[in-house]
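Examining the three-dimensional arrangement
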Amino acid sequence: KGGAKMKRLVSGILAALLAVTAFSACNTNSPASSGDATSGASSTEASSGDAQKEPVTIQFWTSFTGPDGEYARDITNRFNEMDNGITVEFDAMGADILTEKLATALSTGNAPALTFQFNLQVGTHGKNDTMRDLSDFWEKTGVDKDDFMEESITALQYDGKQIMLPFHWYSTYLYWNKDLFEAAGLDPETPPTTWDEVYTMAEQITDPSKNVYGIGFPTSGAVPWFYSIMRSNGGDFFDTENMKSVLDSPENLETLKWIQDIAQKGFTPANNTGADLDNIMMADQLGMYVNGPWLSTGLRDNEINFGVTGMPAGKKDTIGVAEEYGFAVPKSTPDDQVEAAYEYIAYWYTPEIASEWCLKNGYPPFIKSLVENEDIKNDEYVSIFSQMEDYGEVSCVGLTTGQQIQSDVLFPMVENIMAGNDAQAELTKASEEIDGILATEK
């Protein structure tokens, strides 16, 4: 399977909360696109005026509360200045507030015309029939569906319906501290390419006298880094077709013992959240760390001498977690507002706007042709983040329990194993718990 180019959707677990952090940590130093892309993402631009149409105002609820909110509001203002009779009211709020407010609005029929949601929420919205089927978007707008990565579209589908449309598409990466590499006698320009090399380098970098650790393995509030290691070593989490756990396997046991060994030898800080390890990395005390594209901004702001690369290879493959946010249109949205929302989304999909958004936020493009955009190719970090096409995997497609399994079962299992509990016992227990949760999906 090694080297497969994002051709499969496999079972596994994603970290829903990390994506929220991603949207509030953006790259403000990257140049905006000058519009030189030749993307076929959109064969039509937002209309430049139609005197026959009645003016339409729609609400767009987001959780863009960081610099990304400023960028998104500016793009929205430019759209509103077009002579198309459409006004988009951009409303940004915290992620928790958005979740709570949207749930109430959906139940009372007072939802906005447009919002964005995480891919783990596709199953819930699909099962509860709370969002419109957006399958007709491509035909109605003329946006070229073929210029989007197939997985970025299918990951947002439920039972044949397009519950969301792609908006953000990213994976995990390995960051390393060049100064700590050099202090440990390692080449600061040569990161590890395998998990075995990660272990060896983590051991060399770790220096308890200076509170320096070789690798960061968070036990909560983080991207599920263990997913990448277990999958790349040939393990898996569950069989979504039969709704059964496949967690309890020799491959996963071997990986978990490897993680336990690193923890017990003190190569990673104990009992730390993702936010804790972010701070340790920014304090020049962490040699390596798996995280999303948003971390690069904080490291630059704190003047850390760092590098970032794709995920290390395991015994079977090279795999990283792929996550996605998408545009969603509530079922209660009137037809004229749906049409306006489509026109607004199509504006985001134009090469100029899509490339500007990716570069300013430091995210890889979700439109395939933009990978060859000169500004993106020349951006030191976005060009690396775009390599997720080589190894990223989306999981939990169509499930309603993915986030629950991750937060209530998998992270606690890894935390207990890192604390020294028997790996086989924890693996068996977690597998049985997953079977119980998946039974509710049937």
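Residues numbered from 1 in each chain as written. Predicted model: local features only at pLDDT ≥ 70, side-chain atom pairs only at ≥ 80, totals over all residues. Heavy atoms only, no water.

1. Observations concerning the overall build of the protein
Quick note on the threshold: Helix numbering and strand numbering both begin at the N terminus, where a helix is a DSSP run of H or I of at least 4 residues and a strand a DSSP run of E of at least 2. Residue exposure (1.4 Å probe, protein chains only): buried if accessible area is under 20% of the type maximum, exposed if over 50%, otherwise partly exposed. Pairs of residues are marked as contacts when any of their non-hydrogen atoms sit within 4.5 Å. Residue-level accessible areas treat just the shown protein chains as cover; the underlying method is Shrake-Rupley with a 1.4 Å probe.
For the protein, the count of helices and strands is 18 helices and 14 strands. A buried classification covers 57% of the 442 residues belonging to the protein. Contacts in the protein between residues at least 24 apart in sequence constitute 81% of all its contacts with a sequence separation of at least 6. Only carbon and sulfur atoms are counted for the fraction: they give 44% of the accessible area of the protein, which is about 17100 Å².

2. What to know about helix α10 (residues 250-264)
The line we're drawing: Given a helix with a known number of residues, its expected span is that number minus one, times 1.5 Å.
Between its terminal C-alpha atoms α10 stretches 21 Å, which fits the 21 Å expected from 15 residues at 1.5 Å a residue. Listed in full, the buried residues belonging to α10 are N252, L253, T255, L256, W258, I259, Q260, I262 and A263. Following α10 by one or two positions, G266 has its phi on the positive side, about 80 degrees.

3. So, helix α9 (residues 225-232)
Burial of α9 is extensive: eight of the eight residues sit out of reach of the surface. W225, F226, Y227, S228, I229, M230, R231 and S232 are the residues of α9 that are buried.

4. Thoughts on the confidence of the model for the protein
Selection rule: What pLDDT reports is the predictor's confidence in each residue, on a scale of 0 through 100.
Overall, the predicted model of the protein reaches an average pLDDT of 86, with 87% of residues at or above 70. Segment residues 1-51 is flagged for pLDDT under 50; beyond a separation of four residues in sequence, or across chains, it makes 175 contacts in the model.

5. Brief notes about the environment of V394
Take V394: it is sitting in the loop between β14 (392-393) and α17 (402-418). On the basis of relative accessibility, which here comes to 1%, the residue V394 falls in the buried class. Through-space distance from the C-alpha of V394 to that of E323 is 6.3 Å; in sequence the pair is 71 residues apart.

6. Topic: the side chain of S386
Within the element layout of this structure, S386 appears in the loop between α16 (382-385) and β14. For S386, a relative accessible area of 9% translates into the label buried. Sequence-distant contacts of S386, defined by excluding residues within four places in its chain, comprise P364, P365 and I376.

7. Focus: the sheet that holds strand β11 (residues 286-291)
Inclusion rule: At least two DSSP bridges between two strands are needed for those strands to be called paired. Each axis is a line fitted through C-alpha atoms, and for a helix only the stretch in contact is used; angles between axes span 0 to 180 degrees, taken between their N-to-C directions.
Read across the sheet, four strands follow the order β8-β11-β7-β12 without closing on themselves; strand pairing throughout is mixed. Unpaired on one side and paired on the other, β8 (213-216) and β12 (306-309) mark the two borders of the sheet. On average, each strand axis in the sheet is inclined to that of its neighbour by 15 degrees, with strand direction left out of account. The pairing of strand β7 (residues 173-177) with β12 spans four bridges and is classified as antiparallel. When the sheet's bridge partners are listed, W176 is paired in β12 with G307. Here helix α8 (residues 195-205) sits on the sheet and contacts β8 and β11; the angle it forms with β11, its principal contact strand, is near 145 degrees.

8. Looking at the pattern of salt bridges
Pairing is possible between side chains of opposite charge, provided their charged atoms come close. The criterion, for reference: In what follows, salt bridge is the name for a side-chain nitrogen of Lys or Arg lying within 4 Å of a carboxyl oxygen of Asp or Glu.
For the structure shown, the criterion picks out 15 salt bridges. For R78, the salt bridge goes to E356, with nearest N and O atoms at 2.6 Å. Taken as a pair, R78 in helix α2 (residues 67-80) and E356 in helix α14 (residues 351-361) lie far apart in primary sequence, 278 residues in all. Taking relative accessible area as the criterion, R78 reaches 28% and is therefore assigned partly exposed. In the salt-bridge network here, residues are joined through shared partners; they are D74, R78, E356 and K360.

9. Focus: the packing of α9 against α10
Put simply, the rule is: Any angle between 65 and 115 degrees counts as roughly perpendicular, while under 35 counts as roughly parallel, over 145 as roughly antiparallel, and the rest as oblique. A crossing counts as left-handed when the near helix is turned anticlockwise from the far one by less than a right angle, and as right-handed when that turn is clockwise. Under this grouping Gly is polar, as are all residues other than the nonpolar Ala, Val, Leu, Ile, Met, Phe, Trp, Tyr, Cys and Pro and the charged Asp, Glu, Lys and Arg.
One way to put it is that α9 packs onto α10 with a least axis distance of 9 Å and a crossing angle of 130 degrees. By the angle between their axes, α9 is oblique relative to α10. Our pair here, α9 against α10, has a crossing hand that is right-handed. Residues W225, F226, I229 and M230 of α9 touch α10, and the partners they reach there are N252, T255, L256, W258 and I259. Split into classes, the residues belonging to the contact of α9 with α10 amount to seven nonpolar, two polar and no charged.

10. Things to note about the packing of aromatic side chains
As a reminder, the rule being used: Here a pair means two rings of Phe, Tyr or Trp (six-membered ring of Trp) with centres within 6.5 Å. Their orientation is stacked below 30 degrees between planes, edge-to-face above 60, and tilted elsewhere. For a lysine, the NZ atom is tested; for an arginine, the CZ atom; a charge sits over a ring if that atom is within 6 Å of the ring centre and within 35 degrees of the ring normal.
Taken as a whole and judged by the stated rule, the model has 38 aromatic pairs. Over the ring of W61 we find K101; its NZ or CZ atom is 4.5 Å from the centre of that ring.

11. Looking at the nonpolar core
Just so we agree on the cut-off: In this description, a nonpolar core means a group of buried Ala, Val, Leu, Ile, Met, Phe, Trp, Tyr and Cys residues linked to one another through side-chain atoms lying within 4.5 Å.
Grouped together as the largest cluster of nonpolar side chains are 123 residues, with contacts concentrated most on W225 and M288. Ranked by residues supplied to this core, first place goes to helix α13 (residues 335-348) with nine residues. Ignoring any residue separated from it by four or fewer positions in sequence, one finds M288 in contact with L174, Y175, W176, F181, P192, V198, M201, A202, I205, G214, I215 and G216. Grouped together as the second largest cluster of nonpolar side chains are 12 residues, A105, L156, M164 and A328 included.

12. Quick notes on the pairing of β11
Counting buried residues in β11 gives six out of six residues, a clear majority hidden from the surface. Bridge count for β7 against β11 is four bridges, and the pairing is antiparallel. When the bridges of β11 are listed, Y175 appears paired with Y289. In terms of strand pairing, β8 meets β11 through three bridges, oriented parallel. For G216, the partnering residue across the bridge sits in β11 and is Y289.

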